Amino acid sequence: MSHALNGLGKVDPRTRERIRQVAADLGYRPNLRAQRLRRGQAKAIALASSMPFAVAGGPSRLGFYMEVAAAAAESALLHDYALVLVPPVQSGAALYSVDIDGAIVVEPDVEDAAAAQLRERGLPYVALGRPVSPGEQAPYVDLRGRRVAELLLGHLHEQGARRPALIVGAGARHSSVDAVAAYEDLAGEYGWAPVVARVAESGGEQAGYERCAALLAEHPDVDAVCALVDAFAVGAVRAIQESGRSVPDDVMVVTRYDGLRARTCEPPLTAVDLHLDRAASDAVELLLGRLRGDTDTPSVAVSPSRGSSRGPRRCGPDGADRTSPGPAVGSGRPRP
């Protein structure tokens, strides 16, 4: 009966169907806990990151991390897996106490704490965002950090920016590393005098405000700010306005993530549609493939479109006011 209900063994299809029908009529439900014990599987995967909530979620907890979590949970459930949401992994035993088969690590930093704990447990994991640690071999969904930065910075240039500044997190996540590289290349191409400010992620919006205020005092001719983290961008807007300047007439501000902060900021900020629902689903599929022992990895690419940082942002299906580079999937050694 067990093999018939669970699609195992060699059971005549007609017999299997009759048993399933009888079980349905009787209201029978399999004991999932017993199944997991017998198979040695938790049937659960984790979503983990070392990013503090100050930048990953914010006071509302409804930011980048939670959008990924919602999409990943839905995708995992389609495969009969539960998603365990792990608080930011800085140190301690956050990932030692959860019964999981594997994990998705969101935008791992160099020597990432979440990835390190998973390796110590011998659990498979994939990364959402290109890993940056030397020698890291985990498969990953590429959020195309350099392309995102090129779109935002290129857009500011088209809008007339002559002295844009870049504000990034102080760590070495792929989004920051790629943005700095893109910014330096474009600065050479467009003749910008580079102004790069780094902010500790743990400081969130207030740290972005303080760093932007200092930046404006040091470089009063700055006419645009690309604040990669949306929390930093909202803080930057406040610093610009308190300096007596307006956004976007005096100083334009753009950010990477098209989330709640960017949408509710006043004025609303031009951002990027990262297609996190698709990226999260791809990460789940990649991880479940690893759990099955698959070695092949698919690839996904979406053509980008650009928008305007002036005036109200419009998020209609035509992409009138946001950029959409889309994710791509890769595996193996991170690209330099």
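That block above? That's the structure.
Residues numbered from 1 in each chain as written. Predicted model: local features only at pLDDT ≥ 70, side-chain atom pairs only at ≥ 80, totals over all residues. Heavy atoms only, no water.

S.K.: Whenever I open this one, the overall build of the chain confuses me. Can you help?
M.R.: The helix and strand tally for the chain stands at twelve helices and eleven strands. Within the chain, buried positions represent 51% of all 336 residues. Taking all contacts inside the chain whose residues are at least 6 apart in sequence as the whole, residues at least 24 apart take part in 68%. Accessible surface, the chain as shown: approximately 15,200 Å² in total, 51% of it carbon and sulfur. (Helix = DSSP H or I, 4+ residues; strand = E, 2+ residues; numbered from the N terminus. Buried < 20%, exposed > 50% of the residue type's maximum accessible area, 1.4 Å probe, protein only. Contact = heavy atoms within 4.5 Å. Areas by Shrake-Rupley, 256 points an atom, 1.4 Å probe, with all protein chains shown as cover.)

S.K.: Honestly, the pattern of salt bridges in this entry has me stumped. Any pointers?
M.R.: Applying the stated criterion to the full structure yields eleven salt bridges. Two residues, glutamate 107 and arginine 256, come together in a salt bridge whose shortest N-O distance is 2.7 Å. Highlighted residues: glutamate 107 in the loop between β3 (102-106) and α6 (113-121) and arginine 256 in strand β9 (residues 252-257), separated in sequence by 149 residues. Judged by its relative accessible area of 8%, arginine 256 is buried. Among the ionic contacts, a cluster of salt bridges with common partners joins Arg146, Arg147, Glu150 and Asp185. (Salt bridge = Lys/Arg side-chain N within 4 Å of Asp/Glu carboxyl O.)

S.K.: Would you mind showing me how to read the nonpolar core here?
M.R.: Here is a general trend for soluble globular proteins: nonpolar side chains tend to be buried in one another's company. Residues Phe64, Leu128, Ile167 and Val225 are the most contacted members of the largest nonpolar core, which totals 79 residues. When neighbours within four sequence positions are excluded, leucine 128 is seen to be in contact with Val68, Ile104, Val105, Val106, Glu107, Pro108, Val141, Leu143, Ala279, Ala280 and Ala283. Ala44, Val86, Leu95 and Val105 belong to the second largest nonpolar core, which has 17 residues in total. (Core = buried A, V, L, I, M, F, W, Y, C linked by side-chain atoms within 4.5 Å.)

S.K.: Got a minute to help me understand the environment of glycine 160 in this structure?
M.R.: For glycine 160, the position within the fold is in the loop between α7 (145-158) and β6 (164-169). With 63 residues separating them in the primary sequence, glycine 160 and aspartate 223 have C-alpha atoms 9.0 Å apart.

S.K.: So what exactly am I meant to see when it comes to the sheet that holds strand β10 (residues 270-272) here?
M.R.: Pairing between the strands of a sheet is mediated by backbone hydrogen bonds and can be parallel or antiparallel. In spatial order, the strands read β7-β6-β8-β9-β10; together these five strands make up an open sheet with parallel pairing. Bordering the open sheet on either side are β7 (196-199) and β10, each of which pairs with just one other strand. Adjacent strand axes in the sheet meet at a mean angle of 20° when their direction is disregarded. Of the pairings in the sheet, the one linking β9 to β10 comprises two bridges and is parallel in character. Residue pairing for β10: tyrosine 257 is matched across the bridge by valine 272. Its contacts with the sheet put helix α9 (residues 204-218) on β6 and β7, and the angle it makes with β7 is roughly 155°. (Pairing = 2+ DSSP bridges. Axes fitted to C-alpha atoms, helices over the stretch in contact; angles between N-to-C directions.)

Read these as layout, nothing more, since geometry by itself doesn't imply function.
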